[in-house]
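Coordinates in review
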Amino acid sequence: MIHYSSALFLSVLFPVMPGYSQISAPSGFGLVVLVEDSTGAVLPNASVSLRCPGQREQQAVRSVAGTFTLPLSVQGCVLQVQAEGFAPLSQIVPAGVSDVELRLVPVRAEAQVTVLADQEIATAQTTSAHGVLSARQIADIPITNHATGLTEILTRTTPGVAADANGFAHPLGEHADTSLSLDGQPITDQQAKVFANQIDPAIIQTLKATTGAPTAEFGDKTSLIVEITTKSGRDHKPSGSLSSEYGSFGSWSEALSFSVGSKAWGNFLAVNGGGSNRFLDTPEFDPIHAHGNSEGLFDRVDFQPRERDLLHLNMGLGRSWFQTPNSFDTAAAAQDRRSQIRNSNLAFGWTHTVSPSLLLTFTPFLRHDRAEYVPSADPLADFTATMAQDRTLTNTGLHAQALYIHGPHTAKVGGTYTHTLLHERFSLALTDPVYNSPCMTTAGGAAAAPGIRSPGDCTAVGLLSNPAYLPALLPYDLTRGGGLYHFDKSADIVQTAFYAQDEVHLGDLLLSAGLRYDIYDGLSRGRQLAPRLGAGWRTPFTRTLLRLSYARLYETPYNENLIFANESGAGDTGVGTGNPFAAFRSEPVRPGTRNQFNVGVAQSFGSHVTVDADYYWKFTHTAFDFDTLFNTPITFSVAWRKSKIDGLAVRLAVSDLHGFNVSSVMGHVRSRFFTPEVGGLIFNPAPSSPVFRIDHGEEFEQTTNFRYDFPRRVLGRHRLWAGAVWRYNSGLALPDTVPTHTEALALTPDEQSQIGLHCGADRATPTHAIRSCGPAAFATDRIRIPAPGTYDADRNAVRVSPRTLIDLSVGDDGLHHFEHATLGVRATVINAANEVALYNFLSTFSGTHFVPPRAVQLSVQLTF
């Protein structure tokens, strides 16, 4: 090792930091810097700062002992040190690093660099709107169901992300169009709990959610980019936490986390389990047949064999088992459907520091998901259709990247390769004699017509032939002597991408340019060269950040049941052996292309208040959505001709103002899709309207989080706090759902009671239907049906009624102190006003689901 006349020694430790800021929160990792000369004397006048991508430069706070403390944020932060008499020095600090040693070189006085008085340098600028959450902020968010904790956090802290049932989140007008980066491992498959077991929020150290135009590093699913850095045990004394929570609907959860390590190695372990009698969102306000449980394990092992190399291994296991909730109608038939989802994940990371300006990362990974669905013991107890499923997805790949920071440049060059093996196995048959009856009544409705197998036999029993009858489904109709349809096929999806990105900081001006090349080789094929451009400028005097960006994007199909979606119809001659459920036809689901434009503004007011607003326009050719067969878990990707989406995303944060912390996110979206369907299984006729509002966005949604920390000087060792969450949602659109009063009057009694239909004082119940009602007396509480003659699928669609939900919480994180441990308690009330509201109703994709009723949760946590 080379020794100079003076030296800078950097010791990196990891205490938890208490920062709380919606826009640029510290990650929770603490960086402690010790600056000395060669004699060991502290250099008290040194200047130490940290630059992290998309965040303001953060100045170190000097302690009485002369050390400096900083929060260490996401990957790619740069440590900058200046001291009188020495040349300034910059070096990349890899996320999770434990020990760095830099040495300053003395220079002549006339070559010294002075520190600028204005610390708001260009790295505070970014061309993409985003928010960052720390581990503490994540822990403060009340969660209804821990199995969907990740998506609940995203919908409560990210503007423009619409909450849907069972952990679905629709970002910026798209269906689940989200990419996760877990310590550099890309994950683009759906994370709703009917598809996968979600990441445990307790393992997250930092979460960065980008809603603006993505840089060239990201592709595939791009409406929301979620970058997660997990917790590490390096340089930790043995420590951790043990928590228990119990609440309404028999809900419970247990969790254990443990960290231990030294400067050379570390281990972080998290284990959790939970259950509820309302595990999935239900089609009735009070849950019926809705029990479920989940378990998960995450283990991160870090090892630093030498100063320039840092290795880590992520291992994860998950399992969930749950019943499919019943409505009053399905409960009366004794329907008993269940699911089980199991997953495993293995990812290795190698970070190599080539020089103070160049950092290389390599992340190979293997992920396996298996979803099983079990029907009722009596097939005829399953409404419309009975089915069994055993579907697997195995994803392997590699992500490699070089990060170079020098002078005004922050450049990234890298690539991603993924190979996804799909295997889809299921059996299915119709159980409803009315659904595909050959006959219809003289009034025009479908007739059960037991024993009738041909439209030509209808007249003999006083019925009419049904022109909508599909003869291809007859062999799979159990009510007419048919049997099960069996499907068992595999496919490979290979995706490759290369990218280069550079951000150039020129004083208050930031210029960003990138280029990405995507190759998709699956059941369809395609490739695209995708440029990304952006600019940001911080104005004089007010220091307002103005930004604009453009992204060309390559959107790829969803993997869930993709093989089935691409099977040709029974009458087709294309690829496949004939799919009887492709009533009209089936087309391969091909990749789509998108042009996205963003303009934004960000402003700080003092040191406590920040505001960020972003407007976006997205124009997509081949726009993706999801459909389902007969209200079963056989969900599959479909594609529409195009979509036009625009909206506003706003973030507001008040940080540490006399104990108050407030963060608010607001969004507005217009999500317009254009017919016809151009990809996937086309089971239904094309909508009559050439354009319609899809159920992916809301006219307005907002979530405001309040928290007040009581003064420690009053409470002593207690850490008492109180919080509240105010949520308002204007309601998702309901395309092709009871657009007229007449159709609502034809619903079953239970369906009418679900939407709160009433005719004056006469209210529908699960056993009482309303069959006639004048327009003046007709009303529904939980969906908005346009007045007669005013329905328009684009301009005046049916929507879920607006809802306002309030969550309250109070806790003491220092209730009792032991010698080496602290006991904390928390009480939370979800939906405190017990508002009865819907997520959706008779949705083509997911059916009917109520928002969770009021639930009380009590938890205790022992931190040691």
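The rules behind these values
Residues numbered from 1 in each chain as written. Predicted model: local features only at pLDDT ≥ 70, side-chain atom pairs only at ≥ 80, totals over all residues. Heavy atoms only, no water. Pairing = 2+ DSSP bridges. Helix = DSSP H or I, 4+ residues; strand = E, 2+ residues; numbered from the N terminus. Phe/Tyr/Trp six-rings, centres within 6.5 Å; stacked < 30°, edge-to-face > 60°. Buried < 20%, exposed > 50% of the residue type's maximum accessible area, 1.4 Å probe, protein only. Lys NZ or Arg CZ within 6 Å of the ring centre and 35° of its normal. Core = buried A, V, L, I, M, F, W, Y, C linked by side-chain atoms within 4.5 Å. Contact = heavy atoms within 4.5 Å. Salt bridge = Lys/Arg side-chain N within 4 Å of Asp/Glu carboxyl O. Disulfide = S-S within 2.5 Å. Axes fitted to C-alpha atoms, helices over the stretch in contact; angles between N-to-C directions. Patch = residues over 30% accessible without salt bridge, like charges linked within 9 Å, V, L, I, M, F, W, Y side chains within 5 Å. Areas by Shrake-Rupley, 256 points an atom, 1.4 Å probe, with all protein chains shown as cover.

Brief notes about the sheet that holds strand β41 (residues 762–763)
Pairing in this open sheet of three strands is antiparallel, and the strands run β41-β40-β42 from one edge to the other. Because the sheet does not close on itself, it has two edges, and the strands there are β41 and β42 (778–780). Taken together, the two bridges between strand β40 (residues 757–759) and β41 define a ladder with antiparallel strand orientation. Residue pairing across strands places His758 opposite Arg763, the latter belonging to β41.

Regarding the packing of aromatic side chains
Counted by the stated rule, this structure contains 24 aromatic pairs. Each ring, one from Phe564 and one from Phe636, has its centre 6.1 Å from the other, and the planes form 75°; the classification is edge-to-face. Remark: Phe636 occurs in strand β35 (residues 635–657) and Phe564 occurs in helix α4 (residues 562–565); sequence separation between them is 72 residues. For Phe564, a relative accessible area of 0% translates into the label buried. Relative accessible area serves as the criterion here: at 0%, Phe636 is assigned to the buried category. Ring pairing ties together the aromatic residues Phe426, Tyr476, Tyr485, Phe487, Phe564 and Phe636, which thus form one cluster. Positioned above the aromatic ring of Tyr558, the side-chain terminus of Lys221 is 5.2 Å from the ring centre.

Brief notes about the nonpolar core
Counting 44 residues, the largest nonpolar core has Phe426, Leu428, Phe564, Phe581 and Leu629 as its most contacted members. Contributions of two or more residues to this core are made by β24 (385–406), β25 (409–430), β28 (485–506), α4, β34 (609–628), β35 and β36 (660–682). The greatest single-element share of this core, amounting to five residues, is contributed by β35. Contact partners of Phe426, with chain neighbours within four places excluded, come to Met387, Ala388, Gln389, Tyr485, His486, Phe487, Phe564 and Ile634. Counting 23 residues, the second-largest nonpolar core is a separate cluster that includes Leu133, Leu150, Leu154 and Leu180.

Focus: the pattern of salt bridges
Going through the model one piece at a time under the given rule, you end up with 41 salt bridges. Measuring nitrogen to oxygen at the nearest pair gives 2.9 Å for the salt bridge that ties Asp281 to Arg278. A salt bridge links Arg795 to Asp794; the nearest nitrogen and oxygen atoms lie 3.4 Å apart. Judged by relative accessible area, which is 60%, Arg795 ranks as exposed. Here the residues in one salt-bridge network are Arg136, Asp140, Arg707, Asp709 and Arg826, joined through shared partners.

Focus on unusual backbone geometry
Cis geometry marks the peptide bond from Thr675 to Pro676; its omega dihedral reads 5°. Residue placement: Pro676 occurs in strand β36. Of note, the phi angle at Asn561 is positive, near 50°, even though the residue is not glycine. Structurally, the position occupied by Asn561 is in the loop between β31 (545–555) and α4.

Points about helix α2 (residues 149–157)
Counted residue by residue, α2 has nine buried out of nine residues, so it is predominantly covered. For α2, the complete set of buried residues consists of Gly149, Leu150, Thr151, Glu152, Ile153, Leu154, Thr155, Arg156 and Thr157.

Quick word on the state of the cysteines
Taken as a whole and assessed by the stated rule, the structure comprises two disulfides. There is a disulfide in this structure between Cys439 and Cys458, and the S-S distance comes to 1.9 Å. Of note, the bridge from Cys439 to Cys458 carries an S-S torsion of about -85° and is left-handed in sense. Separated by 19 residues along the polypeptide, Cys439 in strand β26 (residues 439–440) and Cys458 in the loop between β26 and β27 (464–465) bring together distant segments of the chain. Note on accessibility: Cys439 and Cys458 belong to one class, buried. In this model, Cys759 is linked to Cys773 through a disulfide, with the two sulfur atoms separated by 2.1 Å. Between Cys759 and Cys773 the disulfide shows an S-S torsion of about 90°. By sign, it is right-handed. Placement of Cys759 in strand β40 and of Cys773 in the loop between β41 and β42 is noted, with a sequence separation of 14 residues between them. With relative accessibility at 19%, the residue Cys759 sits in the buried group. Cys773 sits in the buried class, given a relative accessible area of 19%.

Regarding the environment of Ala602
Within the secondary structure, Ala602 sits in strand β33 (residues 592–605). Assessed through its relative accessible area of 14%, Ala602 is described here as buried. Measuring from C-alpha to C-alpha, the distance between Ala602 and Arg651 comes to 9.2 Å, with 49 residues separating the pair along the chain. Leave out the neighbours within four places in its chain, and Ala602 touches Thr544, Leu545, Arg547, Val611 and Asp612.

Some remarks on the sheet that holds strand β14 (residues 185–187)
Pairing is mixed across the open sheet formed by five strands, whose spatial order is β10-β15-β16-β13-β14. At either end of the open sheet lies a strand with only one pairing partner, and these are β10 (130–134) and β14. The mean angle between the axes of side-by-side strands here comes to 15°, regardless of whether they run parallel or antiparallel. Pairing analysis gives five bridges linking strand β13 (residues 178–182) to strand β16 (residues 224–230), with the strands arranged parallel. Pairing of Thr178 across the sheet is with Leu224, part of β16.

A short note on a nonpolar patch on the surface
A cluster of nonpolar side chains, Leu242, Leu256, Phe258, Val271, Leu297, Leu317 and Phe864, forms an exposed patch at the surface whose accessible area comes to about 540 Å². Within the fold, Leu297 resides in strand β20 (residues 292–306).

Section: the environment of Leu478
Structurally, the position occupied by Leu478 is in the loop between β27 and β28. Measuring from C-alpha to C-alpha, the distance between Leu478 and Ala429 comes to 6.4 Å, with 49 residues separating the pair along the chain. If sequence neighbours within four positions are ignored, Leu478 has contacts with Pro379, Leu380, Thr386, Ala429, Leu430, Thr431 and Gly483.

Looking at the environment of Ala777
Among the secondary structure elements, Ala777 is positioned in the loop between β41 and β42. Classification of Ala777 by relative accessible area gives partly exposed; the value is 32%. The sequence separation of Ala777 and Cys759 amounts to 18 residues, and the corresponding C-alpha distance is 5.1 Å. Excluding residues that lie within four positions of it along the chain, Ala777 makes contacts with His758, Cys759 and Gly760.

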